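Structural overview for review
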Amino acid sequence: FFAMVYIAREGRVYFLNASGWAPRRLSKELLLQKGLNAVPIRGPLSPVVPGLLAGLHALWRRFGTNEWKSLVKPVVEVARRGFPASPSFVKAIELLRDEIASNNDFRSVYPISARPWDVIRIEPLIKTFELIMEHGPDILYRGEIGEALVDHLQSIGGVMEMSDLMEYEPEWRDPLSVDYKGLTIYESPPNTQGITTLMILKLLEELRVKVDAWSRSRIETYLSVYRIAYELRDMYVGDPRFVEVPINKLLDPEFLVSAYKSEVGKQLSGSGDTTYFVVVDREGNIVSAIQSLYQHFGSLVTEPKYGITLNNRASDFSMDGPNALMPRKRPLHTLSTVIVTKDGEPKYALGTSGAHFRPQQHTLFITNIVDYGLSPVETIDAPRFLWDRKSLIIEEGYETTGLTEPHQVIRYPGRTGVASIAAFLDNGKKLLYADIRGDGLALGQ
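In this report, the structure presented in the accompanying data block is examined. Please read these numbers as outputs of a predicted model, since none were measured by experiment.

1. Regarding the overall build of the chain
Each helix and strand counted, the chain has 15 helices and 18 strands in total. Taking 445 residues into account, the globule formula puts the C-alpha radius of gyration at 22 Å, and the chain, at 21 Å, falls close to it. Projected onto its principal axes, the C-alpha coordinates of the chain cover approximately 60 × 55 × 40 Å. Per-residue burial for the chain yields a buried fraction of 57% across its 445 residues. Of the contacts made within the chain by residues no fewer than 6 positions apart, 67% connect residues no fewer than 24 positions apart.

2. Comments concerning the packing of aromatic side chains
Under the counting rule described, the total for this entry stands at 17 aromatic pairs. Put simply, the rings of Trp214, Tyr222, Tyr226, Phe385 and Tyr398 touch in pairs and so form one group of aromatic residues. Its end group placed over the ring of Trp172, Arg62 keeps NZ or CZ at 4.7 Å from the ring centre. Cation over ring: Lys127 sits above Tyr306, and NZ or CZ is 5.3 Å from the ring centre.

3. Description of helix α10 (residues 194-207)
Its 14 residues give α10 an end-to-end C-alpha distance of 21 Å, which sits within 8% of 20 Å, the value for a rise of 1.5 Å per residue. α10 sits mainly inside the fold: eleven of its 14 residues count as buried. Along α10, the positions that sit buried rather than exposed are Gly194, Ile195, Thr196, Thr197, Leu198, Met199, Ile200, Leu201, Lys202, Leu203 and Leu204. Of the surrounding secondary structure, the elements contacted by the buried residues of α10 are β6 (176-180), β7 (183-187), α11 (216-236), α12 (247-250), α13 (253-258) and α14 (358-370). Looking at the residues trailing α10, positive phi occurs at Arg208, about 55°.

4. Things to note about empty space enclosed by the protein
Scanning the entire structure with this criterion turns up one cavity of 30 Å³ or more. Of the pockets and cavities examined, the largest cavity occupies roughly 40 Å³. Residue assignment for the lining of the largest cavity shows that the elements contributing at least two residues are β13 (345-352) and α14. At four residues, the largest contribution of residues to the lining of the largest cavity is made by α14. Partitioning the lining of the largest cavity into residue classes produces eight nonpolar, no polar and no charged.

5. Things to note about the sheet that holds strand β5 (residues 171-173)
One open sheet accounts for five strands, arranged β5-β2-β1-β9-β8; its pairing is antiparallel. The open sheet has two edge strands, β5 and β8 (274-280), and neither has a second partner. With direction set aside, neighbouring strand axes in the sheet form an average angle of 15°. Across five bridges, the pairing between strand β1 (residues 2-7) and strand β9 (residues 286-292) is antiparallel. In the strand pairing of β9, Tyr6 is matched with Ile286.

6. Let's talk about the side chain of Thr367
Mapping Thr367 onto the fold places it in helix α14. Here Thr367 falls in the buried class, since its relative accessible area comes to 0%. At a separation of 3.2 Å, a polar atom in the side chain of Thr367 contacts the side chain of Tyr222. In this structure Thr367 touches Tyr180, Leu201, Leu204, Arg218, Tyr222 and Tyr372, once residues within four positions along its chain are discounted.

7. Regarding the sheet that holds strand β16 (residues 407-410)
Spatial ordering of the open sheet is given by β14-β15-β16, a layout of three strands whose pairing is mixed. On the outer flanks of this sheet lie β14 (385-387) and β16, each paired with one strand and no other. Between one strand axis and the next, the sheet turns by 15° as a mean value, whatever way the strands run. Relative to strand β15 (residues 392-395), β14 is paired through three bridges, and the arrangement is antiparallel. Across the sheet, the residue bridging to Phe385 is Ile394, located in β15. Sheet strands in contact with α11 are β14 and β15, and its direction is about 35° off that of β14.

8. As for the nonpolar core
Formed by 49 residues in total, the largest nonpolar core has its most connected members in Ile185, Met199, Tyr226, Leu232, Leu250, Phe385 and Leu392. In terms of residue count, α11 provides more of this core than any other element does, nine residues in total. When neighbours within four sequence positions are excluded, Leu250 is seen to be in contact with Ile195, Met199, Leu232, Tyr236, Val237, Val245, Phe255 and Leu256. Ala3, Tyr14, Trp21 and Tyr168 belong to the second-largest nonpolar core, a separate cluster that totals 36 residues.

9. Some remarks on the pairing of strand β2 (residues 12-17)
The element β2 is extensively covered by neighbouring structure, given that five of its six residues are classed as buried. Taking the residues between adjacent antiparallel strands as the criterion, β1 and β2 are bridged by four residues, where Gly11 takes a positive phi near 60°. Alignment of β2 against β5, held across three bridges, turns out to be antiparallel. Residue pairing across strands places Leu16 opposite Trp172, the latter belonging to β5.

10. Thoughts on the environment of Thr352
Its place among the elements puts Thr352 in strand β13. By relative accessible area, which is 0% here, Thr352 ends up buried. Residues Thr352 and Thr275 lie 77 residues apart in sequence; the distance between their C-alpha atoms is 7.7 Å. Non-local contacts of Thr352, meaning those with residues more than four positions away in its chain, are made with Thr274, Tyr276, Ile290, Arg358, Gln361, His362, Phe365, Gly417, Val418 and Ala419. Among the polar contacts made by the side chain of Thr352, one reaches the main-chain carbonyl oxygen of Val418 at a distance of 3.3 Å.

11. With respect to the pattern of salt bridges
Close approach of charged atoms allows side chains of opposite charge to pair. Under the counting rule described, the total for this entry stands at 25 salt bridges. With its nearest N and O atoms 3.7 Å apart, the salt bridge here joins Arg12 to Asp174. Taken as a pair, Arg12 in strand β2 and Asp174 in the loop between β5 and β6 lie far apart in primary sequence, 162 residues in all. For Glu130, the salt bridge goes to Arg80, with nearest N and O atoms at 2.9 Å. With Glu130 in helix α6 (residues 123-135) and Arg80 in helix α3 (residues 68-81), this pair connects stretches of sequence that are 50 residues apart. For Glu130, a relative accessible area of 25% translates into the label partly exposed.

Parameters at a glance
- Residues numbered from 1 in each chain as written.
- Predicted model: local features only at pLDDT ≥ 70, side-chain atom pairs only at ≥ 80, totals over all residues.
- Heavy atoms only, no water.
- Helix = DSSP H or I, 4+ residues; strand = E, 2+ residues; numbered from the N terminus.
- Rg over C-alpha atoms; globule rule 2.2 N^0.38 Å.
- Buried < 20%, exposed > 50% of the residue type's maximum accessible area, 1.4 Å probe, protein only.
- Contact = heavy atoms within 4.5 Å.
- Phe/Tyr/Trp six-rings, centres within 6.5 Å; stacked < 30°, edge-to-face > 60°.
- Lys NZ or Arg CZ within 6 Å of the ring centre and 35° of its normal.
- Expected span 1.5 Å × (residues − 1).
- 1 Å grid on protein atoms, 1.4 Å probe; cavity = no way out; pocket = protein on both sides within 12 Å on 5 of 7 lines; lining within 4 Å.
- Points joined across faces, edges and corners; volume = space filled by probe spheres on them.
- Nonpolar A, V, L, I, M, F, W, Y, C, P; charged D, E, K, R; others polar.
- Pairing = 2+ DSSP bridges.
- Axes fitted to C-alpha atoms, helices over the stretch in contact; angles between N-to-C directions.
- Polar contact = N/O pair within 3.5 Å; in protein donor to acceptor, adjacent residues only side chain to side chain.
- Core = buried A, V, L, I, M, F, W, Y, C linked by side-chain atoms within 4.5 Å.
- Salt bridge = Lys/Arg side-chain N within 4 Å of Asp/Glu carboxyl O.

Right, dumping it as structure tokens:
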């Protein structure tokens, strides 16, 4: 869980890092002893400590005005009543049908046979939310829920211990920012890949290339910049508690331009489990926040008594380099969010699902608005193109004749990430919009 927070009375943006760290016993040596050359994508070795609950509580402690119980109570009430199974939720379970065929813990918790919009109840989570309402996050990080998670993980070959939970704390950090054509773009700092978005924008600004919005030239220009930014990300970005990340160097236009000449080969991942939300209150404060288990239902490890499925974020560690696996280290994170200001006043808050594609999506949204004059709604709805380091995925609407990069054109709108945006209009009104590609919703009071 990560959150970017704009506090109106201060005109300041804060950043909360509530990503989990690797268990103390999870190490490269342990993997090699088990005959593994990487952290498995699924299973008991793939989770890091869950950070979401601690992050929400830290956000509340610093900026909240209501009592904790009053905030969690509506969640408990929805869990008790039941809620509609969204199409995306049902589809995610369907895609995993073969993987979970023998996973009785998972199948005992989730409604395997639910159809879209069926009202469902996930019984174990009712008790879990009730305990969180009464006791706060300690019930997970120091109490019975955490003990159950640890016992379950260890019973199936995991190495997480109670000390990994008890000693975990989210971190308040300063966000990163760059100026882009008169706007200040705030992104999430390492251990996230947010700096990748800023490198792309700085390079595009330095190159001063003007291309049509839906042209092949835009695809080719952006692609040449993506290659550099992702290579630099992988060369330099990791958990700053373990490695020095040269922020100033990576955002230096001269350095970026000089690096504008190389390519890389590691493929990016696109499947995911991400929820982004943006909230604006009547005082003009903003929370732009994002959370994810990573792949659909994360590790697939589900503790049946409390109904909690753990993430598989440890699978994003490398075996060497700045993102090398180490105990208590946070992996390089694909999650990040954006807040955009002008002269200290908020203009946009936005985010999307998308895993490693996220910097490309953020770039498209920002340039759609700034360089091509699209409205916030048009910006989110517009066709997208995404690059996975081997080929391009292009939604219908772009000119692709003569494009030499391997590519596939997909029907518009495709599954290219589910985005949301809050825009602060010149007339003083706020506009909220949720992507047509997903099950999101814009609500106002």
